[in-house]
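Take a look at the letters that make up each chain.
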Amino acid sequence: MSTPSQEMACMACEPHIPIPRANPRQMGGEDTNEKRAACRQQDERSMMMSTTQQPCFLFLAHDPYPYYQRMREQQPVVYDQDRDVWFVFRYEDAERVFTEYETFSSQAWCCEFNNVLYYTFTRMDPPQMQQYRSLVSQAFTPRAVAQLPEQITLLATQLLSRVAEAGQMDVVEDLALPLPLLVMRDLLGLPPEDDARLLPWARSNAQLGDGPFPPEMRSYLLDLISRPQRLRPGVIQSLLEARLEGRPLTEAELLGFCGMLFATANAEMTPFLGNVVQGLLEQPGLAEELRANPDLVPGAIEELLRFYPPIPETSPRGTTRAVELSGQSIAAGQRVVPMIASANRDDTMFADPDRFDIRRTPNPHLSMSTGPHVCLGAHLARLETQVVLSVLLAHLEDLQLAPGATLVPAGMFGVKHLPITFRWHSGSPLAQVRKQPDPQVSAGSQCPLPAHRS
Ligand code: HEM
């Protein structure tokens, strides 16, 4: 078991199987039908050995769901030699790993974040985890988040107005990357004049860039913590004033909180917002149905989360004792990874799981985990998605993938760019806005990021 100072939380830099979710029909790069057919054959032969021993796993994984189904049926708990982890494919087992924290502990070695080992609650178990998490959880409650729709709508509208004249946009660069960044910048209380500096770091967190999380982020945060007069009111200021068992937070703890919150804003939100638009492009009649009946939007968001999860798996848990999952014995001291994307298609939990159905109820998908580490930003993520859907549906119609677009996977289940074309919805005020300056937004929400042009 690691010592506290060796632990850190960073879902963005966990080693994951690189499984892009993008539609194979639209994939670019070196993917070919011949390669994928060969991979499938190879996969059939080697499936019983390991998940990643197959050299072609990446190609196969462009549509990983048939593979997940076979694993759920034939080998629901499998040891992967390359990553030294047990992958868990069934819903019931994944739920156990998330909730039985005394057996599946989060207190395990994680990863190096920015060459510094951070200390945050993602790598802790209750009750210590709750003690830390409660220092920031107030900012993410439904009540706190309920203050934000107007501000997020203004930001989203402003970002959209910048692509108005072009009549096309790259959903990732123009909306899905900057929006969560600006929302988190305001929540944390980062100075708006730093936006252009934050953008490449957000891009790294969303795994859009080529390099790892940049080390400059650490010195930037350290500088802010030591010169707090630059901060706006927000989570970082509260953390500077917070007391843990009567003492102020250490530098490592402050960096852990700030770095993790900044990272999570884009690590999951950016690919998911891209996936939401892919859902609008792929699911026949979805945009029209939601435009005609906005009451269906919350259910649609849950189904989008189930069907298009931005991350297929979570960080590993460590077994504290010998345990059995689906008949497979796992010794103490092993690392176990629940496969969210597979659990979300488990037919013991979801009727007709490969059908996209926005009226599915209940919809207990695991895309935001469950148990003590359930996503802290879940309400915020749902709100941001709701705003993006509302703004897109209110202003744009006839969304199409741009002709000749090649979708390149980013991170796990996302794409690097999502170029689309559209027409202005009749009566959209944005068609007028493009001739005028940016719509009014509050001082904290101004968006001085350079507009992206593909
Ligand atoms: C669609 C968007 C999102 C998805 C799918 C998602 C998914 C997840 C998942 C699966 C976990 C659990 C990881 C685990 O159990 O190991 C998690 C944890 C977390 N998420 Fe999210 N997330 C999203 C958006 C956000 C946002 C916008 C924030 C911003 C605050 C955020 C903050 C966090 C934090 C701080 C944790 C750690 C919670 C803990 O360990 O106690 N997430 N998220």
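Right above here is the structure, for reference.
Heads up: these notes are all about the structure in this document.

1. Re the overall build of the chain
Now for step 1: Looking only at helices and strands, one finds 19 helices and 14 strands in the chain.
Now for step 2: Every one of the 454 residues in the chain was classed for burial, and the buried ones make up 45%.
Now for step 3: Look at the contacts in the chain between residues 6 or more apart in sequence, and 77% of them connect residues 24 or more apart.

2. Comments concerning the nonpolar core
Now for step 1: Counting residues in hydrophobic clusters, the biggest one holds 78 residues, and the most contacted among them are Ala156, Leu179, Leu188, Cys258, Leu261 and Val388.
Now for step 2: Here this core takes ten residues from helix H13 (residues 251–267), the largest share from any one element.
Now for step 3: Not counting the four nearest positions on each side in its chain, Ala156 is found in contact with Leu175, Leu179, Val387, Val388 and Val391.
Now for step 4: Residues Met71, Val88, Ile311 and Val337 belong to the second largest nonpolar core, which totals 25 residues.

3. So, the sheet that holds strand S14 (residues 419–424)
Now for step 1: Strand order in the open sheet formed by three strands is S4-S14-S11, with antiparallel pairing between adjacent strands. Bordering the open sheet on either side are strand S4 (168–170) and strand S11 (396–401), each of which pairs with just one other strand. Here the strands of the sheet are splayed against their neighbours by 30 degrees on average, with no regard to which way each runs.
Now for step 2: As paired strands, S4 and S14 are joined by three bridges and run antiparallel to one another. Counterpart to Met169 in the pairing with S14 is Ile420.

4. A few points about H13
Now for step 1: Between its first and last C-alpha atoms H13 spans 23 Å; for 17 residues at 1.5 Å apiece the expected length is 24 Å, and the two agree.
Now for step 2: Most of H13 sits out of view: 15 of its 17 residues are buried.

5. Let's talk about unusual backbone geometry
Now for step 1: With an omega dihedral of 5 degrees, the bond running from Pro126 to Pro127 counts as a cis peptide bond.
Now for step 2: Looking at where Pro127 falls in the secondary structure, it is placed in the loop between strand S3 (104–105) and helix H5 (128–137).
Now for step 3: Here Thr361 and Pro362 are connected by a cis peptide whose omega angle stands at 0 degrees.
Now for step 4: Here Pro362 is to be found in the loop between helix H17 (340–343) and helix H18 (378–395).
Now for step 5: The phi angle at Ser369 is positive, at roughly 65 degrees, despite the residue not being glycine.
Now for step 6: With respect to the element layout, Ser369 can be found in the loop between H17 and H18.

6. Topic: the site of the ligand
Now for step 1: The ligand sits among 24 residues. The nearest are Glu268, Thr314, Ser369, Cys375 and Gly377.
Now for step 2: Put simply, the parts of the chain that give the shell around the ligand at least two residues each are H13, helix H14 (269–282) and H18.
Now for step 3: Element by element, the count of residues in the shell around the ligand is highest for H13, at four residues.

7. With respect to the sheet that holds strand S1 (residues 77–80)
Now for step 1: Taken together, the five strands give an open sheet; going across it, the order is S1-S2-S10-S7-S3, and neighbouring strands pair in mixed fashion. Since the sheet does not close on itself, it has two edges, and those belong to S1 and S3, each with one partner.
Now for step 2: In terms of strand pairing, S1 meets strand S2 (residues 85–88) through four bridges, oriented antiparallel. Directly across from Asp80, in S2, lies its bridge partner Val85.
Now for step 3: The strands touched by helix H4 (residues 91–99) within the sheet are S1, S2, S3, strand S7 (317–319) and strand S10 (335–338), with S10 carrying the most contacts at an inclination of about 120 degrees.

8. What to know about the pairing of S2
Remember that side chains alternate between the two faces of the sheet whenever the strand is regular.
Now for step 1: Residue alternation in S2 divides its side chains into two sets, Val85 and Phe87 and Trp86 and Val88, and both sets are buried.
Now for step 2: Turn length for the S1-S2 hairpin, with the two strands adjacent in sequence and antiparallel, is four residues, and the turn residue Asp84 shows positive phi of about 55 degrees.

9. As for the environment of Pro191
Now for step 1: Here Pro191 lies in the loop between helix H9 (178–188) and helix H10 (195–205).
Now for step 2: Classification of Pro191 by C-beta neighbours within 10 Å gives partly exposed; the count is 14.
Now for step 3: Along the sequence, Pro191 and Arg230 sit 39 residues apart, while their C-alpha atoms lie 6.5 Å from each other.
Now for step 4: Excluding its chain neighbours within four sequence positions, the residues that come into contact with Pro191 are Arg230 and Arg232.

10. Some points on the environment of Phe262
Now for step 1: In this fold, Phe262 is placed in helix H13.
Now for step 2: Distance from Phe262 to Pro180, taken between C-alpha atoms, is 9.5 Å for residues 82 residues apart in sequence.
Now for step 3: Among all residues touching Phe262, those that are not within four sequence positions of it are Met184 and Leu188.

The rules behind each value
- Residues numbered from 1 in each chain as written.
- Predicted model: local features only at pLDDT ≥ 70, side-chain atom pairs only at ≥ 80, totals over all residues.
- Helix = DSSP H or I, 4+ residues; strand = E, 2+ residues; numbered from the N terminus.
- Buried ≥ 20, exposed ≤ 12 C-beta atoms within 10 Å, placed from the backbone.
- Contact = placed C-beta atoms within 7 Å.
- Core = buried A, V, L, I, M, F, W, Y, C linked by C-beta atoms within 7 Å.
- Pairing = 2+ DSSP bridges.
- Axes fitted to C-alpha atoms, helices over the stretch in contact; angles between N-to-C directions.
- Expected span 1.5 Å × (residues − 1).
- Near = placed C-beta within 6 Å.

Functional significance is not addressed by these values, which are geometric in nature.
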